[in-house]
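Here is what each chain is made of, one letter per residue.
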Amino acid sequence: MTAWDFTAELQALEDQQLTRVRRVVEQVDGPHVVIDGKPLLAFCSNDYLGLAQHPGLIETARQAAERWGVGSGASPLVSGYSTAHEALEQELARFVGLPRALYFYAGYSTNAGVVPALVGRGDAVFSDALNHACLIDGARLSRAEIHAYAHGDVLALERLLAASTARRKLVITDAVFSMDGAIAPLPEILALCERFDALLMIDDAHGFGVLGPQGRGTAAHFGITSPRLLYMATLGKAAGVHGAFVAGQAQLVEWVLQRARSYIFATAAPALEAETLRTALQVIARDDWRRGQLQSLIAQLREGLAGLPWPLLASATPVQPLIVGDNQAALDLMAALRERGLWVPAIRPPTVPQGTARLRISLSAAHAAADVQRLVDALRELAQTR
Ligand SMILES: *Cc1c(COP(=O)(O)O)cnc(C)c1O
């Protein structure tokens, strides 16, 4: 079994402080969790609007489980597609203002399936250097030529597009970068796509529900729309449930349905999730106060952490990264916060570039101003004793 002994590989991870461990959550009440019997105030979750435990969503899920059961039983292309799935797709398309939507069971598999459905050998993918792993994996699976451009560098993208002779050109980018909180310059990127006959696919996992009027996402935030836009977002973050979708021109979405292997060869999301998401969409559109609360917490945090030895990246979204640099230093800071009852995840390479290990503070409308104050006070105190 020597070929299958991973002692050295696991030890190498350990030596670089790159071993990952899962914490076992015993109880959860919004940002208040219990781990190892100890209460912690968490700044980890992507439940930005605080909907994961919304009573209305829970009630919908309960009723939907009674009506549909808990499993969908098959791929959507066999018998896993119900009136709940169909209604959700129509509502998602309307919500983001595009002709048609396709509801997937998860975001990772959406990107891993959609990119290879759109491009293949002889085509080209243009990918922001900080894109989420699943966009990168989708690009690799497609066998198209991959051109990574420096993060947010529209001029570099323009040069690459101008030089390309590929038949089909697909630009892929996170709309809000998951580990930075920065918003991609979508209007400029879309203008390039118009000029070079490219398609723009955006991953709005962190903008959907949070940005734009009524939380309609980052494209709505910029007021852009185009037949060249393929919009993708996940439904396990601000929407509080689980799953993902793509939306765009009807024919484009039909092609994805015909070709995305992760859609065709996988069991559909349970109808109860689709029904719960329909309720979530109503709450997202209606509850402007949740986005207002988030904005006020973001401002409070940024003001409170100004001038600390660890720089906070420029971010107007609930993802607020505090750059520590060294892997062990980031882990130590995380541990020191934990001793004070605060849970903020340290993010290390390869999730982020080498030398930029960070605490990824994520805020939620479920946090109170007093919660953010606790975090600010703890970090200021730790900065002094450093
Ligand atoms: C979380 C995330 C995904 C994956 O979505 P899941 O539904 O969790 O599989 C995809 N893209 C980005 C940018 C994400 O942050």
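Everything numeric in this text was worked out from a predicted model, so none of it was measured.

Here is what the cut-offs are and how they apply
- Residues numbered from 1 in each chain as written.
- Predicted model: local features only at pLDDT ≥ 70, side-chain atom pairs only at ≥ 80, totals over all residues.
- Heavy atoms only, no water.
- Helix = DSSP H or I, 4+ residues; strand = E, 2+ residues; numbered from the N terminus.
- Rg over C-alpha atoms; globule rule 2.2 N^0.38 Å.
- Buried < 20%, exposed > 50% of the residue type's maximum accessible area, 1.4 Å probe, protein only.
- Contact = heavy atoms within 4.5 Å.
- Areas by Shrake-Rupley, 256 points an atom, 1.4 Å probe, with all protein chains shown as cover.
- Lys, Arg positive; Asp, Glu negative; His and termini not counted.
- Charge placed at Lys NZ, Arg CZ, Asp CG, Glu CD.
- Pairing = 2+ DSSP bridges.
- Near = heavy atom within 4 Å.
- Polar contact = N/O pair within 3.5 Å; in protein donor to acceptor, adjacent residues only side chain to side chain.
- Domains from an automatic or database assignment.
- Buried area = accessible area lost by both parts, 1.4 Å probe.
- Expected span 1.5 Å × (residues − 1).
- Core = buried A, V, L, I, M, F, W, Y, C linked by side-chain atoms within 4.5 Å.
- Axes fitted to C-alpha atoms, helices over the stretch in contact; angles between N-to-C directions.
- Parallel < 35°, antiparallel > 145°, perpendicular 65-115°, else oblique.
- Left-handed = near helix turned anticlockwise from the far one by under 90°.
- Phe/Tyr/Trp six-rings, centres within 6.5 Å; stacked < 30°, edge-to-face > 60°.

**Brief notes about the overall build of the chain**
Inference 1: Looking only at helices and strands, one finds 14 helices and 14 strands in the chain.
Inference 2: Taking 386 residues into account, the globule formula puts the C-alpha radius of gyration at 21 Å, and the chain, at 21 Å, falls close to it.
Inference 3: Its C-alpha atoms give the chain principal-axis dimensions of about 60 × 55 × 55 Å.
Inference 4: Split into buried and exposed, the 386 residues of the chain put 54% on the buried side.
Inference 5: Taking the contacts inside the chain whose residues are at least 6 apart along the sequence as the reference set, 71% of them involve residues at least 24 apart.
Inference 6: For the chain, the computed accessible surface area is about 17,300 Å², with 54% contributed by carbon and sulfur atoms.
Inference 7: One finds the centroid of the 34 positive side-chain charges in the chain at a distance of 3 Å from the centroid of its 38 negative side-chain charges.

**Focus: the sheet that holds strand β2 (residues 32-35)**
Inference 1: Spatially, four strands are ordered β1-β2-β3-β12 in an open sheet, and the strand pairing comes out mixed. Of all the strands in the sheet, just β1 (25-29) and β12 (342-343) have a single pairing partner and so form its edges.
Inference 2: With four bridges connecting them, β1 and β2 associate as antiparallel partners. Its bridge partner being in β2, Asp29 is matched across the sheet by His32.

**Quick word on the sheet that holds strand β13 (residues 346-347)**
Inference 1: Strand order across the open sheet formed by three strands is β11-β14-β13, with antiparallel pairing between neighbours. Every other strand in the sheet has two partners, leaving β11 (319-325) and β13 as the edge strands with one partner each.
Inference 2: Pairing of β11 with strand β14 (residues 357-362) involves six bridges; the strand directions are antiparallel. Bridge pairing links Gly325 to Ala357 in β14.

**Brief notes about the site of the ligand**
Inference 1: With respect to spatial proximity, 13 residues lie near the ligand, and among them Gly107, Tyr108, Asp203, His206 and Lys237 are the closest.
Inference 2: At a separation of 2.5 Å, an oxygen atom of the ligand approaches a polar side-chain atom of His206.

**Details of the domain arrangement of the chain**
Inference 1: When its domains are assigned, the chain resolves into domain 1 (11-42 + 288-384) and domain 2 (55-286).
Inference 2: Just the C-alpha atoms count here: the centres of domain 1 and domain 2 sit 27 Å apart.
Inference 3: Listed per partner, the contact involves 18 residues of domain 1 and 17 residues of domain 2.
Inference 4: For the pair domain 1 and domain 2, the summed buried area comes to about 1,200 Å², and 57% of that belongs to carbon and sulfur atoms.

**With respect to helix α3 (residues 83-96)**
Note that an α-helix has 3.6 residues per turn; residues three or four places apart therefore point the same way.
Inference 1: Taking 1.5 Å per residue as the helical rise, α3 with its 14 residues ought to reach 20 Å, and the 20 Å between its terminal C-alpha atoms agrees with that figure.
Inference 2: Those residues of α3 that are buried are in contact with α2 (55-68), β4 (100-104), β9 (229-234), β10 (244-248), α10 (261-264) and α11 (271-286).
Inference 3: Capping the start of α3 is the job of one residue whose side-chain oxygen sits 3.1 Å from the backbone nitrogen of Ala84: Ser82.
Inference 4: Residue Gly97 follows α3 closely and has a positive phi angle near 70 degrees.

**Notes on the pairing of β4**
Inference 1: In terms of residue burial, β4 counts as a mostly covered element, since four of its five residues are buried.
Inference 2: Bridge count for β4 against β10 is five bridges, and the pairing is antiparallel. If you follow Ala101 over to β10, its bridge partner there is Ala247.

**With respect to the nonpolar core**
Inference 1: If you look at the biggest cluster of nonpolar residues, it comprises 93 residues, and the most contacted ones within it are Val171, Phe208, Phe245, Leu359, Ile361 and Leu379.
Inference 2: By residue number, the principal contributor to this core is α11, which donates eight residues.
Inference 3: When residues of this core are sorted by domain, at least three fall in each of domain 1 (11-42 + 288-384) and domain 2 (55-286).
Inference 4: Ala117, Val125, Leu170 and Leu252 belong to the second-largest nonpolar core, a separate cluster that totals 25 residues.

**Remarks on unusual backbone geometry**
Inference 1: Look at the link from Pro349 to Pro350: it is a cis peptide, with omega at 10 degrees.
Inference 2: Structurally, Pro350 is set in the loop between β13 and β14.
Inference 3: Backbone geometry at Gln17 places phi at a positive 55 degrees, although glycine is not the residue there.
Inference 4: Structurally, Gln17 can be placed in the loop between α1 (7-15) and β1.
Inference 5: Here Gln17 falls in the partly exposed class, since its relative accessible area comes to 27%.

**Focus: the packing of α2 against α11**
If you want to describe how two helices pack, look at the angle between their axes and the distance between the axes.
Inference 1: The contact between α2 and α11 brings their axes to 8 Å, and the two run at 150 degrees. Considered as vectors, α2 and α11 are oriented roughly antiparallel to each other. Seen from above, α2 lies across α11 with right-handed handedness. Taken together, the residues of α11 that come into contact with α2 (itself represented by Gly56, Leu57, Thr60, Ala61, Ala64, Ala65, Arg67 and Trp68) are Ala271, Leu272, Glu275, Thr276, Thr279, Ala280 and Val283.

**A word on the packing of aromatic side chains**
Inference 1: What the rule picks out here adds up to five aromatic pairs.
Inference 2: Aromatic side chains Phe208 and Phe245 sit 5.5 Å apart centroid to centroid with 70 degrees between the ring planes, which places their arrangement in the edge-to-face category. On the criterion of sequence distance, the pair formed by Phe208 in the loop between β8 (198-203) and α8 (218-222) and Phe245 in strand β10 is long-range, its members being 37 residues apart. In terms of burial, Phe208 and Phe245 fall into one category: buried.
Inference 3: Arranged with centres 5.8 Å apart and planes meeting at 40 degrees, the rings of Tyr231 and Phe245 form a pair that is tilted.

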